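Okay, here's what each chain looks like letter by letter:
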Amino acid sequence: MPVVQDSEDQTPSVTPSTPARTLLPSIVPAVTVGVVSALILVGVEAAADQLQDVLWETVPDALGIGRYSVAWMFVVLVATGIAVGLVVWKVPGHAGPDPATVGLDAPVLPPLVIPGLLLANALMLAGGPSLGPENPIITTNVALAVWLGGRFIPRAPGRIWPALAEAATIGALFGTPVAAALVISEVLSRQETRGLLWDNLFAPLTAAAAGSLTASLLDHPSFDLDLPSFGDAGWADLLAAVVVASVGALLGMGAVRAFPYVHAAFRRLRHPMLMLPAGGVVLGALAALGGHLTLFKGLDEIATLAHDPDGWSAGEFAVMTVVKLAALVVAASCGFRGGRIFPAVFVGTALGLCAQALVSGVHPSVGVSAGVLGVLLAITRQGWISLFVAAVLVAEPGVVALLCVASLPAWLLVTGRPQMQLRKDGTSVR
């Protein structure tokens with residue numbers, strides 16, 4: 001005899017949605033944060049580009065020295081270490097906390113720290129150490145959003161401002177709100193939230209859209225490397241993607257393992273005027289070994305590699321891969337203010353092109369996207385952002401399925417292991 005359930009037991013469990021009238025007031029603050037965050041990013045990168053032209057073109061040309069001669073790379077990198085060291089030492093706020101302890105989830109710092117942090121980041125970007133702008137700019141935008149938001153809209157929940165600033169900056173960095181939506185989705189999965197996912201994403205996604213549109217109008221960012229199209233994916237492409245992504249993950253994990261030891265070695269010097277110039281010396285030696293393409297954050301340089309994938313041998317690609325990864329570890333350990341995503345993209349690109357040079361059956365698009373995926377999984381430990389960046393570099397719809405499969409063994413290699421971020425006591429975050 002069938003059991004008749006109570007009517008309340010038959011009611012499906014439905015997550016209540018947020019009314020539109022609750023979401024609408026968040027639009028103006030989100031758009032404002034998005035526009036301001038993008039302007040700060042574009043402004044810092046524009047200032048850094050101008051200084052970079054002076055340091056690497058105007059001055060060496062005036063002195064009759066080769067722009068990327070070994071001697072000049074040493075001079076500029078050591079001078080950059082001295083300049084950033086002075087900022088960290090003397091400027092109020094000391095340019096924020098130890099960058100090795102900071103990830104994309106930025107701490108809320110007092111406004112006093114912002115000028116020094118932006119100056120240190122601009123000097124680093126111009127001088128050539130292998131770091132990107134993302135962490136300092138996110139930290140700056142979070143600090144400004146919390147400070148100004150608390151003053152002008154005190155009734156708004158305090159936790160909304162960091163989410164808006166992080167989403168806006170990520171949208172501006174990648175030129176699309178999709179990247180921000182993926183990152184925020186991962187963050188929300190670790191938090192206790194109310195309502196539907198898209199209700200929680202509404203304000204951050206609005207900020208990300210405003211940030212990406214502002215950056216696109218002013219700076220036109222693009223990640224498409226214009227690699228040859230590979231058509232329909234086959235079994236050989238799948239095998240290549242799995243192998244290259246796994247090798248990239250292992251290579252990245254090697255750097256993650258070395259990170260706390262290299263960081264501890266520089267910390268023994270105790271003073272920024274010793275740590276940062278020493279880092280400049282090591283980076284100069286690495287640049288002499290790997291060439292000038294292993295300098296800077298790496299986006300312009302990967303475009304150069306992708307423009308002529310047959311222009312270097314497998315050995316040269318391998319050297320650039322290892323040198324850039326070592327430069328990333330050193331720059332992040334000795335105190336330069338910067339992020340780790342963009343140089344990791346260079347590492348993955350060089351690895352993928354090395355695989356293509358070694359095995360002719362590996363298509364450049366497959367090798368590059370899989371290499372970037374594996375390295376980013378190890379460095380960032382964020383699956384969505386790793387998949388997104390790897391996919392947009394080649395702009396091939398067919399590669400997405402390959403990357404999804406390749407991410408599975410690569411993720412098994414990195415999950416549960418240390419991250420490329422340290423606690424204040426110098427131990428690795430897991």
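Reading the values: rules and limits
- Residues numbered from 1 in each chain as written.
- Predicted model: local features only at pLDDT ≥ 70, side-chain atom pairs only at ≥ 80, totals over all residues.
- Heavy atoms only, no water.
- Core = buried A, V, L, I, M, F, W, Y, C linked by side-chain atoms within 4.5 Å.
- Buried < 20%, exposed > 50% of the residue type's maximum accessible area, 1.4 Å probe, protein only.
- Helix = DSSP H or I, 4+ residues; strand = E, 2+ residues; numbered from the N terminus.
- Patch = residues over 30% accessible without salt bridge, like charges linked within 9 Å, V, L, I, M, F, W, Y side chains within 5 Å.
- Areas by Shrake-Rupley, 256 points an atom, 1.4 Å probe, with all protein chains shown as cover.
- Salt bridge = Lys/Arg side-chain N within 4 Å of Asp/Glu carboxyl O.
- Lys, Arg positive; Asp, Glu negative; His and termini not counted.
- Charge placed at Lys NZ, Arg CZ, Asp CG, Glu CD.
- Axes fitted to C-alpha atoms, helices over the stretch in contact; angles between N-to-C directions.
- Left-handed = near helix turned anticlockwise from the far one by under 90°.
- Contact = heavy atoms within 4.5 Å.
- Nonpolar A, V, L, I, M, F, W, Y, C, P; charged D, E, K, R; others polar.
- Phe/Tyr/Trp six-rings, centres within 6.5 Å; stacked < 30°, edge-to-face > 60°.

*Asks:* If you had to explain the nonpolar core to someone new, which residues and values would you point to?
*Replies:* Of all hydrophobic cores here, the largest spans 128 residues; its most connected members are Phe174 and Phe336. In terms of residue count, helix 12 (residues 314-334) provides more of this core than any other element does, 12 residues in total.

*Asks:* Break down a negative patch on the surface for me, with residues and values.
*Replies:* Negative charge collects at one region of the surface, where Asp49, Asp53, Glu57, Asp219 and Asp300 lie side by side. The element that contributes the greatest number of residues to the negative patch is helix 2 (residues 27-63), accounting for 3 residues. Its place among the elements puts Asp53 in helix 2. Taking the relative accessible area as the measure of exposure, Asp53 reaches 32% and is therefore partly exposed.

*Asks:* Can you break down the packing of helix 14 (residues 364-380) against helix 16 (residues 397-414) residue by residue, with the values?
*Replies:* Viewed as axis vectors pointing N to C, helix 14 and helix 16 meet at an angle of 35°, and their least axial separation amounts to 9 Å. Classified by chirality, the crossing of helix 16 by helix 14 is right-handed. Together, Val366, Ser369, Ala370, Leu373, Leu377 and Ala378 of helix 14 and Val399, Leu402, Leu403, Ala406, Ser407, Ala410, Trp411 and Val414 of helix 16 make up the contact between the two elements. Residue composition of the contact of helix 14 with helix 16, grouped by class: 12 nonpolar, 2 polar and no charged.

*Asks:* So, the packing of aromatic side chains: which residues are in play, and what are the values?
*Replies:* Applying the stated criterion to the full structure yields 5 aromatic pairs. With a centroid separation of 5.2 Å and 20° between ring planes, the pair formed by Trp56 and Tyr68 is classed as stacked. Residue Trp56 is found in helix 2, and its partner Tyr68 is found in the loop between helix 2 and helix 3 (70-90); the two are separated by 12 residues along the sequence. Since its relative accessible area comes to 1%, Trp56 is described here as buried. Residues Trp56 and Phe296 carry aromatic rings whose centres are separated by 5.5 Å and whose planes lie at 75° to one another, so their mutual orientation is edge-to-face. A residue pair is termed long-range when its members are at least 10 positions apart, and Trp56 in helix 2 and Phe296 in the loop between helix 10 (272-290) and helix 11 (299-307) qualify at 240 residues.

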